[in-house]
4 protein chains.
Amino acid sequence: MTSNWLDTLEREAAGLLPPDVYAWAAGGSGFEDALKRNRSAWSRITLRPDALVDVSRVDLSTTLLGERFDAPLAIAPSGYHGLTHPEAERATADGATKSGSLMVLSSRASLRLEEIGLPSGRWWFQSYVLKDRALTEQMVVRARALGARAVVLTVDAPVLAPRRQSRNSALVPQAVLEVNTGPVTDPEMLEPAPDLTERDIAGLHEISGLPVVVKGVLRGDTARRCVDAGAAAVWVSNHGGRQLDAAVSTADALGEVVDAVGADTEVYVDGGISTGVDALRALALGARGVFVGRPVVWGLAVNGATGVADVMNRYVEELVLAMRLCGRSQVSALGRDLLG
Amino acid sequence: MTSNWLDTLEREAAGLLPPDVYAWAAGGSGFEDALKRNRSAWSRITLRPDALVDVSRVDLSTTLLGERFDAPLAIAPSGYHGLTHPEAERATADGATKSGSLMVLSSRASLRLEEIGLPSGRWWFQSYVLKDRALTEQMVVRARALGARAVVLTVDAPVLAPRRQSRNSALVPQAVLEVNTGPVTDPEMLEPAPDLTERDIAGLHEISGLPVVVKGVLRGDTARRCVDAGAAAVWVSNHGGRQLDAAVSTADALGEVVDAVGADTEVYVDGGISTGVDALRALALGARGVFVGRPVVWGLAVNGATGVADVMNRYVEELVLAMRLCGRSQVSALGRDLLG
Amino acid sequence: MTSNWLDTLEREAAGLLPPDVYAWAAGGSGFEDALKRNRSAWSRITLRPDALVDVSRVDLSTTLLGERFDAPLAIAPSGYHGLTHPEAERATADGATKSGSLMVLSSRASLRLEEIGLPSGRWWFQSYVLKDRALTEQMVVRARALGARAVVLTVDAPVLAPRRQSRNSALVPQAVLEVNTGPVTDPEMLEPAPDLTERDIAGLHEISGLPVVVKGVLRGDTARRCVDAGAAAVWVSNHGGRQLDAAVSTADALGEVVDAVGADTEVYVDGGISTGVDALRALALGARGVFVGRPVVWGLAVNGATGVADVMNRYVEELVLAMRLCGRSQVSALGRDLLG
Amino acid sequence: MTSNWLDTLEREAAGLLPPDVYAWAAGGSGFEDALKRNRSAWSRITLRPDALVDVSRVDLSTTLLGERFDAPLAIAPSGYHGLTHPEAERATADGATKSGSLMVLSSRASLRLEEIGLPSGRWWFQSYVLKDRALTEQMVVRARALGARAVVLTVDAPVLAPRRQSRNSALVPQAVLEVNTGPVTDPEMLEPAPDLTERDIAGLHEISGLPVVVKGVLRGDTARRCVDAGAAAVWVSNHGGRQLDAAVSTADALGEVVDAVGADTEVYVDGGISTGVDALRALALGARGVFVGRPVVWGLAVNGATGVADVMNRYVEELVLAMRLCGRSQVSALGRDLLG
């Protein structure tokens, strides 16, 4: 079983991290059904490889919201990298640059945006709409000033579900929780607003001047509402199995969302992407960008910026191999005919 | 696995109860296939959560046969609570009141109806039609006098199937078996009448002056016959997996029954509801009330009235969370579009 | 698990019988997939019980080829009962009489037909067409003289497949192999004729003057050919998983055969019937008779004639219970609406 | 489980071979999902046996590209038999002759073609198109001179996927790698050409003067392109689970390929054929030839030429038995009606 590098890497990270940090990063909500379902749903999709196609040169390059990238694989947002590595998001951003990957920075960062050394034009900023909307506002304005090219609005967390290790507060000191918001008098103001609606999409776009990507969509009708409300792109996600434990897998939801809005809107996906072959499956279903979360954290834990870059490069190598074996030399040639 | 509180509670109850009482309460008939199938059928239903809906205020309130309740979760009938707790049905009724839940009292109670302290207008009375129909008659009349708002007629037990621990008589003294019927000369007269037909529905309604809920329906055509014969509501149940071991799960039967009679008749369900998410699945399929049986018994065993209330409150909390994560703030907004 | 009496009985028989006899009786061919599939296919069929039907009196009586029996459960043929019990087929026939069951006597009996004490009019004679057709001829003529009411022609053994314990010859002395044929010069003459065709059906009918039941049919078109060639009834069987290991289960084949010929021809079934509920499933699919093989052998091993009768009575009790729980009081009322 | 001879044989071979040789021969790529899926896909197909058909004489004979063979079972190409047995391909060719089987010789042989003693007219030559096309050219010309009747062009290996034991070079000395190409200055020239397209089919045909069989096809449209480009036959294969690990099983792909081109083109299949019943399944789906790879290697390891012949004869015996039990006496009578 030569390609099982990811499980090996996770075990290595689990050995290096404090147990509660590992549990917090690895865990899902409830029975962790959604967590497991994400991964099993991809692996259940068999492929119908074509042959006798010239694959001597494989070109993975694509554009995401108009910016060119060498590959459609990108880094999903995840919180508080300071728990995982002393260099925190600086290392992640450095790894993203090394591997040429788009990085989506979580607004739950361990460092002030200004300290991270983000690569202007090559990153997006993940944001909640917080109960105190002014806190959100100042962050997206700063993100834009630092070269963020999009705001990724997380919409599947109007409340937070209990998780295997759910008490961030025990892991993250208040000063870090407030590092990008500034001190707050009422900690509740840092929580996602449960009255978030699609009207916030236009609001966030107006404030930031940036395209808004809506992350956490699992239905075609929700996607359509997002696009009608001004979303620049839609991101199929179930929060890595950390919110509704009964949620459909992202592999199962992706096709419906692509069918609903994919003709004129970019659709992304994350959740359980554990090999380059999974990325190919997602692209064949119609995803334009495929995002990787936990594996990046394991790379960060094990080897900092280099570990992050290694993970992203590994996915790219696997995707190149998978495309050659499927008889496809360009991302745009991947379609549902490949799915068994 | 943060939400597995129910299995923990059951283990705690199993440690406190005499083994034969635990086996009697926990067990099913035959190979216990129906028992297991009930639970697995709910958990197989994935959900398609919506997003960007204001869920800052979630309202679970509903009416059951015209009476308003804070939530659509209620207590299913189960026999002889005196085996489980010294306070017997008094504790259960107290727990129902504490949690605001509708309680369905089993006619197989350990206490005389008059001793239980039932909350007038907030409980229903479960009844068989016994071989000696006069015994049934006097009980429903007394139940009505004590404020029962409906008679729940169990129809899936024309005979009793063998169970893991099937000899009630070894557990329950004859005096208790007769506590609500008065002494009988022939114990067979306490048995359910195998010649029960839909004509008994109208008969029971006439005698009691109460709406009759028919419990133990698993088919659309049976439901339609019940309604045509005067049933006020239909309850999808396979007797908690204690009768026909080959019976379909209630999750699989519910949709058909709702389609047959749900437009103008309330449909309830029980069987394997082990989280608030299961309750949401049932409501989305069209159930108006969702009933919980064994978990209430475990709560009763572990902590009496408080334990009962804790169980019901736990379900309600989970249901509120699940609704928020599905983007639904009212029970009436739950529909089949949520089911994957 | 109160109804798992059959597995207990089989274990008891396994402890009493010589290991090679047990293996020979219990085993199937190849990987024993067909053997396992037979049983699992029945248990996968869930039931949709009806309710509110008067089931105070359940009548299982039916006719099989015009003869009335108390129940549609009957004894399938199996070979050489002398290996299992000293009384051999005498005990089996006695058990059949005690329980009122139709018995199909195997032509591979340990005793001469004339020694068995068969109940005239209440038994059928299973026969192959042997390579030496004259041997077959004399046996069916004798069977008729002893009161056999039908010949059951086994057609799924044009050759014998290797089994877990395949060397009958090591178990059965030549004298016993020849007990009903008389001594043969060439043992190959005892083998089934591989050139058997539907023309043998009419031939056998003519020779014996008895209706011919064709056993070992798994397809609708085969069944139709049998009926067109003069078969009085068709028996869905895969030889208890002892011939083609890849064969469909009898539960899966039954419906198709009933659809093809059931309107005017009786259809029987065997294979993996391990509870009275399985019998109900088969009857609901359209079988008129349900045959039990190995369980009868276990009963015979453990308790002779009484053991055989106990097994048959147990199935009948379970079937009565299952019918009551399904709301059906007559065999003719069982239909596919009961199948989930 | 009498027919599990193949697993026994593989275990015996595993005990005789050096561990890295065994791993190299047995292994697949990635998680070995395709390897396992090939086998499980055949065994999932149940059969619908017919009966009452004269099967006293079963004739397996068929033609493959116009040449008559006693059975449709043949030897798939596999590399470097010198790792498995001191007589290398000489033993394999001898075993093929003994059993009357068509042999496809791998171009990755341990011996020079001229040393193998190939049976003129009864073998085909497997070839890649190497990066240095001249090397391919001289080999197919020599193969033709030695009596090869077809060139089998492998098209599912434009690059090689990592395997359980992937470093041939550690197992096979450079001199052996070059035994049929002659010494090369650049070892990369021995690699399959990633720019292989259907135009190479006609090229190979022209150079060799032999019909070209395209091996490694898993889709109907690919098969159609092959035939349109001049292929004489199409071989459904996923390289024994050694290339794209996510690939569909050959059992699942076969029907589609037959539907696309089978009316006027021979279709072959390999991958997971582990009993004669699997061969029947493949033939019933429309394959004209069924190829066996690893089992031949195990036979070779355990008993040289005799071992190879034993394996092929065993498959034939099982196929004859399966046909008798299905009521089919000729290969041409096998059709999809037999598939459950």
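Our subject is the structure that appears above.
Parameters at a glance
Residues numbered from 1 in each chain as written. Chains lettered and ligands numbered in written order. Predicted model: local features only at pLDDT ≥ 70, side-chain atom pairs only at ≥ 80, totals over all residues. Heavy atoms only, no water. Helix = DSSP H or I, 4+ residues; strand = E, 2+ residues; numbered from the N terminus. Rg over C-alpha atoms; globule rule 2.2 N^0.38 Å. Buried < 20%, exposed > 50% of the residue type's maximum accessible area, 1.4 Å probe, protein only. Contact = heavy atoms within 4.5 Å. Areas by Shrake-Rupley, 256 points an atom, 1.4 Å probe, with all protein chains shown as cover. Buried area = accessible area lost by both parts, 1.4 Å probe. Salt bridge = Lys/Arg side-chain N within 4 Å of Asp/Glu carboxyl O. Polar contact = N/O pair within 3.5 Å; in protein donor to acceptor, adjacent residues only side chain to side chain. Least-squares fit on C-alpha atoms with pLDDT ≥ 70 in both. Pairing = 2+ DSSP bridges. Right-handed = clockwise from strand over helix to strand, strands pointing away. Phe/Tyr/Trp six-rings, centres within 6.5 Å; stacked < 30°, edge-to-face > 60°. Lys NZ or Arg CZ within 6 Å of the ring centre and 35° of its normal. Arc of directions from axis to C-beta.

Visitor: Tell me what's going on with the overall build of chain A, and back it up with residues and numbers.
Guide: When its secondary structure is counted, chain A shows twelve helices and ten strands. What you see for chain A is a C-alpha radius of gyration of 19 Å, in line with the 20 Å of a compact globule of 340 residues. Seen through its C-alpha atoms, chain A measures out along the principal axes to roughly 65 × 45 × 40 Å. Taking all 340 residues of chain A together, 63% fall into the buried category. Summarising the internal contacts of chain A: among those between residues at least 6 apart in sequence, 73% fall at separations of at least 24. For chain A, the computed accessible surface area is about 11,800 Å², with 50% contributed by carbon and sulfur atoms.

Visitor: Could you give an account of the arrangement of the chains, with specific residues and numbers?
Guide: In this structure chain A stays clear of chain C, and the shortest span between their C-alpha atoms is 23 Å. Between chain B and chain D there is no contact, and the shortest C-alpha to C-alpha distance separating them is 23 Å.

Visitor: So what's going on with unusual backbone geometry? Residues and values would help.
Guide: Residues other than glycine seldom take positive phi values, yet Tyr80(B) does so here, at roughly 55°. Residue placement: Tyr80(B) occurs in the loop between β3 (73-75) and α4 (89-99). Owing to a relative accessible area of 3%, Tyr80(B) belongs among the buried residues under this scheme. In the Ramachandran plot, Glu32(C) falls in the positive-phi region, its phi being about 60° despite a non-glycine side chain. For Glu32(C), the position within the fold is in the loop between α2 (19-26) and α3 (33-43).

Visitor: So what about the interface of chain B and chain A? Which residues, and what values?
Guide: Where the parts come together, the accessible area they lose is often given as the size of the interface. The interface is formed by 27 residues belonging to chain B together with 32 residues belonging to chain A. Taken over both partners, the interface formed by chain B and chain A buries close to 2,400 Å², and the fraction arising from carbon and sulfur atoms is 65%. Run the count over chain B and chain A and you get three salt bridges. A salt bridge links Asp50(B) to Arg225(A); the shortest N-O distance between them is 3.1 Å. Inspection of the region where chain B meets chain A yields ten residue pairs in polar contact (both at pLDDT 80 or more).

Visitor: An account of the interface of chain C and chain D is requested, with residue identities and associated values reported.
Guide: Between chain C and chain D, the residue contacts involve 32 residues of the former and 27 residues of the latter. Buried surface at the junction of chain C and chain D, both sides included, amounts to about 2,400 Å², of which 65% is carbon and sulfur. Per-residue buried area on chain C facing chain D is highest for Phe31(C), Arg219(C) and Leu244(C); these three make up 29% of the total on that side. At the boundary of chain C and chain D, one finds three salt bridges. For Arg48(D), the salt bridge identified is with Glu256(C), shortest N-O distance 2.5 Å. Taken together, the connections running from chain C to chain D amount to ten residue pairs in polar contact (both at pLDDT 80 or more).

Visitor: Can you explain the relation of the copies chain C and chain D? Please cite residues and give values.
Guide: In screw terms, the move from chain C to chain D is a rotation of 90° and a rise of 0.0 Å along the axis, fitting with an RMSD of 0.0 Å. Look at the turn and shift together and you get a four-fold axis relating the two. Among all residues of chain C, the one whose C-alpha sits closest to the rotation axis is Arg44(C), at a distance of 12 Å.

Visitor: Give me the lowdown on the side chain of Thr46(D), citing residues and values where you can.
Guide: Mapped onto the fold, Thr46(D) is located in the loop between α3 (33-44) and β1 (62-64). Excluding residues within four positions of it along the chain, Thr46(D) makes contact with Arg37(C), Ala246(C), Ala247(C), Val248(C), Leu338(D), Leu339(D) and Gly340(D).

Visitor: Could you give me a rundown of the pairing of strand β8 (residues 233-236) of chain A, with the residues and numbers involved?
Guide: Residue and element names in this part refer to chain A. Side-chain alternation along β8 places Ala233 and Trp235 on one buried face and Val234 and Val236 on a second face that is also buried. As judged from the four bridges shared by strand β7 (residues 212-217) and β8, these two strands associate in the parallel manner. Opposite Val217, over in β8, you have Val236 as the bridge partner. With four bridges joining them, β8 and strand β9 (residues 266-269) adopt parallel strand pairing. Within the sheet, the bridge partner assigned to Ala233 lies in β9 and is Glu266. For the crossover that starts at β8, traverses helix α10 (residues 250-261) and ends in the parallel β9, the hand is right-handed.

Visitor: Quick one: what's the story with helix α11 (residues 276-285) of chain A, residue by residue and with numbers?
Guide: All names here are of chain A. The buried fraction of α11 amounts to ten of the ten residues, a majority that puts the element mostly inside the structure. Buried residues of α11: Gly276, Val277, Asp278, Ala279, Leu280, Arg281, Ala282, Leu283, Ala284 and Leu285, and no others. In this structure, the buried residues of α11 make contact with α3 (33-43), β3 (73-75), α10, β9, β10 (289-292) and α12 (294-326). Immediately downstream of α11, the backbone of Gly286 shows phi near 120°, a positive value.

Visitor: Break down the packing of aromatic side chains for me, with residues and values.
Guide: According to the stated counting rule, one finds 36 aromatic pairs over all chains in the structure shown. Where Trp24(B) meets Tyr80(B), the ring centres are 6.5 Å apart and the plane angle is 40°; that geometry is what we call tilted. Residue Trp24(B) is found in helix α2 (residues 19-26), and its partner Tyr80(B) is found in the loop between β3 and α4; the two are separated by 56 residues along the sequence. In textbook terms, an aromatic cluster arises when at least three aromatic residues are bridged by ring pairs, as seen for Trp124(A), Trp235(A), Tyr268(A) and Phe291(A). One residue, Arg242(A), lies across the ring of Trp24(A), its end atom 5.9 Å from the ring centre.

Visitor: Any chance you could break down the pattern of salt bridges for me, citing the residues and the numbers?
Guide: Per the stated rule, a full pass over the model turns up 84 salt bridges over all chains. Measuring nitrogen to oxygen at the nearest pair gives 3.0 Å for the salt bridge that ties Asp50(A) to Arg328(A). Residue Asp50(A) is found in the loop between α3 and β1 (62-64), and its partner Arg328(A) is found in the segment after α12; the two are separated by 278 residues along the sequence. Here Asp50(A) matches Arg328(A) in class, with each residue buried. Linked through salt bridges whose partners overlap, the residues forming this network are Asp50(A), Arg328(A), Asp337(A), Glu198(D), Arg219(D), Asp221(D) and Arg225(D).

Visitor: An account of helix α8 (residues 199-208) of chain C is needed here, citing residue identities and associated values.
Guide: All names here are of chain C. Buried residues of α8: Asp200, Ile201, Leu204 and Ser208, and no others. The buried side chains of α8 occupy one side of the element, clustering within an arc of 110° when seen end-on. For α8, the exposed residues set more than 90 degrees away from the buried face come down to Arg199 and Glu206. Tucked inside the fold, the buried residues of α8 contact α5 (133-145), β6 (148-154), β7 (212-217) and α9 (220-228). Downstream of α8 by a residue or two, Gly209 has a phi angle that is positive, lying close to 70°.

Visitor: How would you summarise the environment of Asn303(A) if you had to cite specific residues and measurements?
Guide: Position of Asn303(A) relative to the elements: it lies in helix α12. Between the C-alpha atom of Asn303(A) and that of His85(A), which follows or precedes it by 218 residues, the distance is 8.7 Å.

Visitor: Can you lay out the side chain of Thr250(C) for me, pointing to particular residues and giving the numbers?
Guide: Residues and elements named next belong to chain C. Mapped onto the secondary structure, Thr250 falls in helix α10 (residues 250-261). The buried category is assigned to Thr250, whose relative accessible area is 0%. Those residues in contact with Thr250, other than ones at most four positions away along the chain, are Asn38, Trp42, Leu218, Val236, Ser237, Asn238, Val269, Asp270 and Gly271.

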